[in-house]
Structures are given as structure tokens and as C-alpha cells.
Amino acid sequence: AGTGVWEHKTGEGGAAELTAVRAKQAQVEGLDQDVDRARADVEAAIKDLSSRTGHGLGMARAKYRKDPVTLGALSGLDAKVESRQDALDDAVAWEEAWAKLPDPDWSPSPTNTRAAFSALRQAAAAKLEALNTLVAEERKARKEFNQLVGELWEDCIAWYQAACLVFPDSTPEGRAIRAG
């Protein structure tokens, strides 16, 4: 190998690896932004869904307060949001119970109809699924980025060790390497 050339990697090889790291970093940053947007969208959808679940349950309990069978069927349901999935599960349970009410076409309000609620629940579930997919993609890309950076770091350490052996500290090159 010539002076200043590391035998394990050419300048072009190092440049290509650095380009790959930068490209992966850009991908991770883009996915981070996509995840943030999707998360905000999911949170808004879940908040609306949970609100409508609680509203519907409350109104149904008030409407059927003198019907012990129907009220009993509603007693195990809640709209407490413990997680995104919990909110979706509560919405599914309410939607199923709603279909079994003595008057399944009843609506708690003109804007909270079964059709509207079902569409909102399905949209929220799809948004959550899309968010989970994006998070998985982001984690995979971040893992790949970390691996690339780790390999580049190891190469830098190996290059420095080799350079210190090739250029003693008594040489101008050796002093420059050690000063950096």
C-alpha cells in the first residue's frame, strides 16, 4: 500500500459508505416525520372515536335505563382510553352492542349515527394499522442506519490505529493524525 492509503478500504469505498449512511439517515428522518404526522392523525381519530363511544354509551344507558336486560348488556362496556387499541376495542364492543339494542336504528345524536360511527371506527383502525406499519419501517431503517454508522465507526477506529502505526508521532503526518 502507498503512503496514506489504508489497505482495507479505498477512498472511493469510504465515500460510497458515507453516501449510504447519509441516504439511510435521510430515509430515517423522512420516516420520523411520516410517523409523527400519522401519530397525530391517529390520536385525533382515536379521540373522536372514544368521545363518540362514550357519548353513545351514555345516551343508550339513559334511553334504556328502565330496560334491565338492555342496561345489563351495556353495563360491561366503557369508553376509558387506556391505549389506542383499547379505544378501538371499546368502539367495536359498543358497535356490536348498538346493533343488538331494541331499536338498532336509534342514534344518540344526528351526527353520531351507527353508519357514521362504523365508518369512523374503520377509518381509525386503518390509520392505526398504517401507523404501526410506518413505525415498523422506521425501526427497521433506524436499525440499518445504526448498523451502517457502527461499521463506519469501527472502520475509523481501525484506520486510526493503522495510521498511528504507519506514521510515528515523530513525523509531520503522525503529529497531524494525533492532533485531530
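The paragraphs below set out a description of the structure included in this document. (Residues numbered from 1 in each chain as written. Predicted model: local features only at pLDDT ≥ 70, side-chain atom pairs only at ≥ 80, totals over all residues. Heavy atoms only, no water.)

Here's the deal with the packing of aromatic side chains
By the definition in use, this model includes 4 aromatic pairs. Between Trp94 and Trp98, the ring centres sit 5.0 Å apart and the planes meet at 25°, which makes this aromatic pair stacked. Note that Trp94 and Trp98 are positioned in helix α3 (residues 84-99) at a spacing of 4 residues, about one turn of the helix. Here the two residues Trp94 and Trp98 agree in accessibility, since each one is buried. By way of ring pairs, the aromatic residues Tyr64, Trp94, Trp98, Trp106 and Phe117 are connected into one cluster. (Phe/Tyr/Trp six-rings, centres within 6.5 Å; stacked < 30°, edge-to-face > 60°. Helix = DSSP H or I, 4+ residues; strand = E, 2+ residues; numbered from the N terminus. Buried < 20%, exposed > 50% of the residue type's maximum accessible area, 1.4 Å probe, protein only.)

A few points about the pattern of salt bridges
Evaluated as defined, the whole model comprises 10 salt bridges. The salt bridge involving Arg39 is made with Asp36; its shortest N-O contact spans 3.8 Å. Taken together, the positions of Arg39 and Asp36, both in helix α1 (residues 11-63) and 3 residues apart, correspond to about one turn of that helix. Accessibility expressed as a relative area gives 33% for Arg39, which makes it partly exposed. Asp36 sits in the partly exposed class, given a relative accessible area of 48%. Lys127 is paired through a salt bridge with Asp41; the nearest N and O atoms lie 3.5 Å apart. Here Asp41 lies in helix α1 and Lys127 lies in helix α4 (residues 114-166), a separation of 86 residues in the sequence. (Salt bridge = Lys/Arg side-chain N within 4 Å of Asp/Glu carboxyl O.)

A few points about the nonpolar core
In terms of nonpolar packing, the biggest core is built from 32 residues, with Leu49, Leu74, Trp94, Leu101 and Leu131 touching the most fellow members. At 11 residues, the largest contribution of residues to this core is made by α1. Contacts of Leu74, omitting those with residues within four sequence positions, involve Leu57, Ala60, Arg61, Trp94, Ala97 and Leu101. (Core = buried A, V, L, I, M, F, W, Y, C linked by side-chain atoms within 4.5 Å. Contact = heavy atoms within 4.5 Å.)

Notes on the packing of α1 against α3
In the contact formed by α1 and α3, the axes pass within 9 Å of each other and the chain directions differ by 35°. For the crossing formed where α1 meets α3, the hand is left-handed. Between α1, through Arg39, Val42, Glu43, Ile46, Leu49, Arg52, Thr53, Gly56, Leu57 and Ala60, and α3, the contact on the second element is made entirely by Arg84, Ala87, Leu88, Asp90, Ala91 and Trp94. Partitioning the contact of α1 with α3 into residue classes produces 9 nonpolar, 2 polar and 5 charged. (Axes fitted to C-alpha atoms, helices over the stretch in contact; angles between N-to-C directions. Left-handed = near helix turned anticlockwise from the far one by under 90°. Nonpolar A, V, L, I, M, F, W, Y, C, P; charged D, E, K, R; others polar.)

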